Amino acid sequence: MIAVPSSERFAMEQKRTYQSKLATVVFFSISLLVLIIFRMVYSTPIEIDGDSVGKWFSAESLARTGQWEGISNDHHLLRWAIIVPQAMVSKIVPGRYESYFVLPILVYSTFSILCMAILLEAQQKKTWAPAILLGVFLCADPISHVMASQLKTVAFGLFYFAFGVTVFLRYLKDKGTWWLVLSATAFFFAYGAHVTYVIF
């Protein structure tokens, strides 16, 4: 048996690690693109209710005037972790109904990817099948169609929570303090989406 020099073993291990990371990035990039396209095709019409449309109008007003007046007297409109990002979208796409759908689709698609990543990490990347099945389930779930198309607190709260968990898992691995700070910030934003997320 021929012994492989330690430098060669190290190089081979580095190459395998790089290829594994590259495969993961490609997988999740393609998955995110597929999810976004799926959500665009199967989005639901704008819900005419005080909550979702109210947040959209508040964000439109904030983007247009830069003033918080008139949107701070209703608990439905205090969801700053939804309204502020939506105001940024409204600033880019002003006065267009399409701006209502952009953020929810991106947020819920990214939430789905984060859940898939957490599941993949939990099983130590042994197989892609459970993560793919979870992505399919989140696409097929009827509630997801609503969550992914509307300015609902649940979608945003779950996104911030999943992001916080993902970053916290990175903190447990790398022990970097800024990972912990970023995780805590994500949980705080989950609270900003809805007060009930203060539990995290």
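One can find the structure itself at the top, above this paragraph.
What you are looking at is a predicted structure, and each value in this text was computed from that prediction instead of being measured.

## Focus: the side chain of lysine 55
Argument step 1. On the secondary structure map, lysine 55 appears in helix α2 (residues 52–65).
Argument step 2. The exposure class assigned to lysine 55 is buried, which follows from its relative accessible area of 1%.
Argument step 3. Looking at lysine 55, its side chain comes within polar contact range of the main-chain oxygen of leucine 151, at 3.1 Å.

## Here's the deal with the packing of helix α7 (residues 153–174) against helix α8 (residues 177–193)
Argument step 1. For the pair α7 and α8, interaxial distance at closest approach is 8 Å and the crossing angle is 165°. The angle between α7 and α8 falls in the class roughly antiparallel. Note on packing geometry: the crossing formed by α7 with α8 is left-handed.
Argument step 2. By residue class, the composition of the contact of α7 with α8 is 16 nonpolar, four polar and two charged.

## Examining the environment of phenylalanine 189
Argument step 1. Within the secondary structure, phenylalanine 189 sits in helix α8.
Argument step 2. Since its relative accessible area comes to 30%, phenylalanine 189 is described here as partly exposed.
Argument step 3. In sequence terms phenylalanine 189 and phenylalanine 156 are 33 residues apart; their C-alpha atoms lie 8.9 Å from each other.

## Concerning the side chain of serine 31
Argument step 1. Mapping serine 31 onto the fold places it in helix α1 (residues 6–41).
Argument step 2. Owing to a relative accessible area of 12%, serine 31 belongs among the buried residues under this scheme.
Argument step 3. In terms of polar contacts, serine 31 uses its side chain to reach the backbone carbonyl oxygen of phenylalanine 27, at 2.8 Å.
Argument step 4. Not counting residues up to four positions away in its chain, the partners in contact with serine 31 are Ile113 and Met116.

## Digging into the pattern of salt bridges
Argument step 1. The full count for this structure, using the stated rule, is two salt bridges.
Argument step 2. Of the charged contacts, one joins lysine 173 and glutamate 121 as a salt bridge, the two residues approaching to 3.0 Å between their closest N and O atoms. With lysine 173 in helix α7 and glutamate 121 in helix α4 (residues 99–122), this pair connects stretches of sequence that are 52 residues apart.
Argument step 3. Relative accessible area serves as the criterion here: at 32%, glutamate 121 is assigned to the partly exposed category.
Argument step 4. Measuring nitrogen to oxygen at the nearest pair gives 2.5 Å for the salt bridge that ties aspartate 174 to arginine 170. Of this pair, aspartate 174 and arginine 170 are both found in helix α7, four residues apart, which corresponds to roughly one turn of the helix.
Argument step 5. Take aspartate 174: its relative accessible area is 38%, and that puts it in the partly exposed class.
Argument step 6. For arginine 170, a relative accessible area of 39% gives the class partly exposed.

## Re the layout of surface pockets
Argument step 1. In this structure, the largest pocket encloses a volume near 680 Å³.
Argument step 2. Along the wall of the largest pocket there are 20 residues; nearest its centre are Thr24, Glu121, Lys125, Thr166 and Arg170.
Argument step 3. Taken together, the elements giving at least two residues each to the lining of the largest pocket come down to α1, α4 and α7.
Argument step 4. Tallied by class, the residues present in the lining of the largest pocket amount to ten nonpolar, four polar and six charged.

## Let's talk about the packing of aromatic side chains
Argument step 1. Under the definition given, this model contains 17 aromatic pairs.
Argument step 2. Where phenylalanine 27 meets tryptophan 128, the ring centres are 4.4 Å apart and the plane angle is 55°; that geometry is what we call tilted. Of this pair, phenylalanine 27 sits in helix α1 while tryptophan 128 is found in the loop between α4 and α5 (129–140), placing the two residues 101 residues apart along the sequence.
Argument step 3. Each ring, one from phenylalanine 159 and one from tyrosine 160, has its centre 5.2 Å from the other, and the planes form 55°; the classification is tilted.
Argument step 4. We classify phenylalanine 159 as buried; its relative accessible area is 16%.
Argument step 5. An aromatic cluster of at least three residues, connected via ring pairs, comprises Trp80, Phe159, Tyr160, Phe163, Phe188, Phe189 and Tyr191.
Argument step 6. Lysine 175 extends its terminal NZ or CZ atom over the ring of tyrosine 171, reaching a point 5.8 Å from the ring centre.

What counts, and where the lines are drawn
Note on numbering: residues in each chain are counted from 1, in written sequence order. Note on the predicted model: pLDDT of at least 70 is required for a residue's local features to be given, and 80 or more for side-chain atom pairs to be given and counted; whole-chain, interface and lining totals, by contrast, use all residues. For side-chain calculations, the full set of non-hydrogen atoms in the structure is used, while hydrogens and water are omitted. The secondary structure listing takes helices from DSSP runs of H or I that are at least 4 residues long and strands from runs of E that are at least 2 residues long, numbered from the N terminus. Accessibility here uses a 1.4 Å probe with only protein chains present; expressed as a share of the type maximum, an area under 20% marks a residue as buried, one over 50% as exposed, and anything in between as partly exposed. By the criterion applied in these results, polar contacts are pairs of N or O atoms within 3.5 Å in which, for protein atoms, one can donate a hydrogen and the other can accept it, and in which residues neighboring in sequence qualify only through two side-chain atoms. Lines fitted to C-alpha atoms define the axes, with helix axes restricted to the stretch in contact, and inter-axis angles between N-to-C directions lie between 0 and 180 degrees. To sort the angles, those under 35 degrees are grouped as roughly parallel, those over 145 as roughly antiparallel, those from 65 to 115 as roughly perpendicular, and the leftovers as oblique. Handedness of each helix crossing follows the sense of rotation of the near helix against the far helix: counterclockwise by less than a right angle gives left-handed, clockwise gives right-handed. Residue polarity is assigned by list, with Asp, Glu, Lys and Arg as charged and Ala, Val, Leu, Ile, Met, Phe, Trp, Tyr, Cys and Pro as nonpolar; anything else, Gly included, falls into the polar class. By the convention used here, residues are in contact when the closest approach between their heavy atoms is within 4.5 Å. Salt bridges are counted wherever a side-chain nitrogen of Lys or Arg sits within 4 Å of a carboxyl oxygen of Asp or Glu. Using protein atoms alone on a 1 Å grid, points that fit a 1.4 Å probe yet trap it form a cavity, whereas open point sets bounded by protein on both sides within 12 Å along at least five of seven lines form a pocket; residues with an atom within 4 Å of a point count as lining. Grid points are joined across faces, edges and corners, and a volume is the space filled by probe spheres set on the points. The aromatic pairing rule takes the rings of Phe, Tyr and Trp, using the six-membered ring of Trp, and pairs them if the centres are within 6.5 Å, calling planes under 30 degrees apart stacked, those over 60 edge-to-face and the rest tilted. We count a charge as sitting over a ring when the NZ of a lysine or the CZ of an arginine lies within 6 Å of the ring centre and within 35 degrees of the ring normal.

Take it as geometry only, folks, not as evidence of what the structure does.
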